Amino acid sequence: MEPSNYTRVTEFVLTGLSQTREVQLVLFAIFLSFYLVILPGNILIICTIRLDPHLTSPMYFLLANLAFLDIWYSSITAPKMLVDFFVERKTISFGGCIAQLFFLHFVGASEMFLLTVMAFDRYAAICRPLHYATIMNRHLCCILVALSWIGGFIHSIIQVALIVPLPFCGPNELDSYFCDITQVVRIACANTFPEELVMIFSSGLISVVCFIALLMSYAFLLAMLKKHSGSGESTKRAMSTCYSHITIVVLMFGPSIYIYARPFDSFSLDKVVSVFHTVIFPLLNPIIYTLRNKEVKTAMRKLVNIM
């Protein structure tokens, strides 16, 4: 039951990553350097795919969308985290907290659905090569990307709809550097077991199911390649692409499963996993893919030389 007489919390206090000034400065330098180096790299990937006439395959169209989502995803938490390293009292308004939570789940879930679309794209390319251009036409690609965004929006709205009605009457301290359902639910002045159960099912179980399904699909594709395609150059490229996708899937779903597929209790590794999940891995994902793709690397060199 919601208390009938309480003072509603208007802001949350964030504990941040560290309380030690020296450690905060070191972390600021590390994360700022990483963000300023990798972020332009992802932007370069998008520009390369958009401008190079040879990178018109649906695979590259989906990669550009992945890079865009990863830039957005990491930018939801990273800028405020960097600013908060120089602020003694780290706060975020209730509305700002809900907005951060909404966009985090909106973009994160959209990316998970997009990774599923990318797995389907590889299936069509490897198992139906003669019909690939017909199956994965630009119109269908746009529809699948739009459905990924719509799915992410619906998922995020569910999280927000569960959080907003909860009573928050104090304490208002979140043991993190950003707002997420796992921290906000803990400090609500009510029994949140039903809401927590729905959130675990919505975020955690879906992550586990998608993760297992994607790993199984890529295992099937790799088995198909090894069995039927021999050791030609095209086979090596296809296998390299699959390995890149598997790496991205592990980096994206692993931390998500750790954070959401369990009761929302506090553990010592939570902050470390959250940093990798919200800042580092998203920016690295397109880079990992690009490092294993000769066509994109060649096109990027040409674009840089022109610039």
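Residues numbered from 1 in each chain as written. Predicted model: local features only at pLDDT ≥ 70, side-chain atom pairs only at ≥ 80, totals over all residues. Heavy atoms only, no water.

Caption draft 1: Expanded view of the packing of aromatic side chains. All chains considered together, the criterion is met by 19 aromatic pairs. Considering the side-chain rings of Phe31 and Phe85, the 6.5 Å spacing of their centres and the 10° angle between planes classify their relative orientation as stacked. Taken together, the residues Phe31 in helix α1 (residues 21-51) and Phe85 in the loop between α2 (58-84) and β2 (90-93) connect sequence positions 54 residues apart. As far as burial versus exposure is concerned, Phe31 and Phe85 are alike and both buried. Three or more aromatic residues link up through ring pairs in this structure, and these residues are Phe68, Trp72, Phe102, Phe103, Phe106, Trp149 and Phe153. The residue whose ring lies beneath Arg138 is Phe61, and the NZ or CZ to ring-centre distance is 4.4 Å. Geometry around Tyr258 places Arg262 over its ring, the cationic atom sitting 4.7 Å from the centre. (Phe/Tyr/Trp six-rings, centres within 6.5 Å; stacked < 30°, edge-to-face > 60°. Helix = DSSP H or I, 4+ residues; strand = E, 2+ residues; numbered from the N terminus. Buried < 20%, exposed > 50% of the residue type's maximum accessible area, 1.4 Å probe, protein only. Lys NZ or Arg CZ within 6 Å of the ring centre and 35° of its normal.)

Caption draft 2: Broad picture of the environment of Ile200. Considering the arrangement of structural elements, one finds Ile200 in helix α7 (residues 193-228). Leave out the neighbours within four places in its chain, and Ile200 touches Leu205, Tyr260, Ala261, Arg262, Pro263 and Phe264. (Contact = heavy atoms within 4.5 Å.)

Caption draft 3: Expanded view of the packing of helix α3 (residues 94-127) against helix α5 (residues 138-163). Packing of α3 against α5 brings their axes to within 7 Å, and their N-to-C directions diverge by 145°. Between α3 and α5 lies a crossing whose hand is right-handed. Taken together, the residues that form the contact of α3 with α5 break down as 16 nonpolar, eight polar and no charged. (Axes fitted to C-alpha atoms, helices over the stretch in contact; angles between N-to-C directions. Left-handed = near helix turned anticlockwise from the far one by under 90°. Nonpolar A, V, L, I, M, F, W, Y, C, P; charged D, E, K, R; others polar.)

Caption draft 4: Expanded view of the pairing of β2. Only one face of β2 is buried, namely the one carrying Lys90 and Ile92, since none of Thr91 and Ser93 on the opposite face is buried. As defined by bridge partners, strand β1 (residues 11-14) adjoins β2 across four bridges and the pair is classed as antiparallel. When the sheet's bridge partners are listed, Phe12 is paired in β2 with Ile92. (Pairing = 2+ DSSP bridges.)

Caption draft 5: Representation of the nonpolar core. Formed by 97 residues in total, the largest nonpolar core has its most connected members in Phe12, Ile163, Phe168 and Phe253. By residue number, the principal contributor to this core is α3, which donates 17 residues. (Core = buried A, V, L, I, M, F, W, Y, C linked by side-chain atoms within 4.5 Å.)

Caption draft 6: The arrangement of the confidence of the model for the chain in detail. Averaged over the chain, the pLDDT score is 89; the fraction of residues at 70 or greater is 96%. Per-element confidence in the chain is highest for α5, whose mean pLDDT is 96, and lowest for helix α10 (residues 294-306), whose mean pLDDT is 82. (pLDDT = per-residue confidence, 0-100.)

Caption draft 7: Broad picture of the pattern of salt bridges. Across all of its chains, the model carries seven salt bridges by this definition. Close ionic contact of Arg186 with Asp270 constitutes a salt bridge, the shortest N to O distance being 3.8 Å. With Arg186 in the loop between α6 (181-184) and α7 and Asp270 in helix α9 (residues 270-291), the pair connects residues that are 84 residues apart, well separated along the chain. Note that Glu295 and Arg237 form a salt bridge whose closest N and O atoms lie 3.7 Å from each other. Of this pair, Glu295 sits in helix α10 while Arg237 sits in helix α8 (residues 233-260), and the two are 58 residues apart along the sequence. Note on Glu295: relative accessible area 34%, which makes it partly exposed. A relative accessible area of 39% means that Arg237 is categorised as partly exposed. (Salt bridge = Lys/Arg side-chain N within 4 Å of Asp/Glu carboxyl O.)

Caption draft 8: Geometry of the sheet that holds strand β3 (residues 173-174). Pairing within the open sheet is mixed, and its three strands lie in the order β2-β1-β3. On the outer flanks of this sheet lie β2 and β3, each paired with one strand and no other. In terms of strand pairing, β1 meets β3 through two bridges, oriented parallel. In the strand pairing of β3, Leu14 is matched with Leu174.

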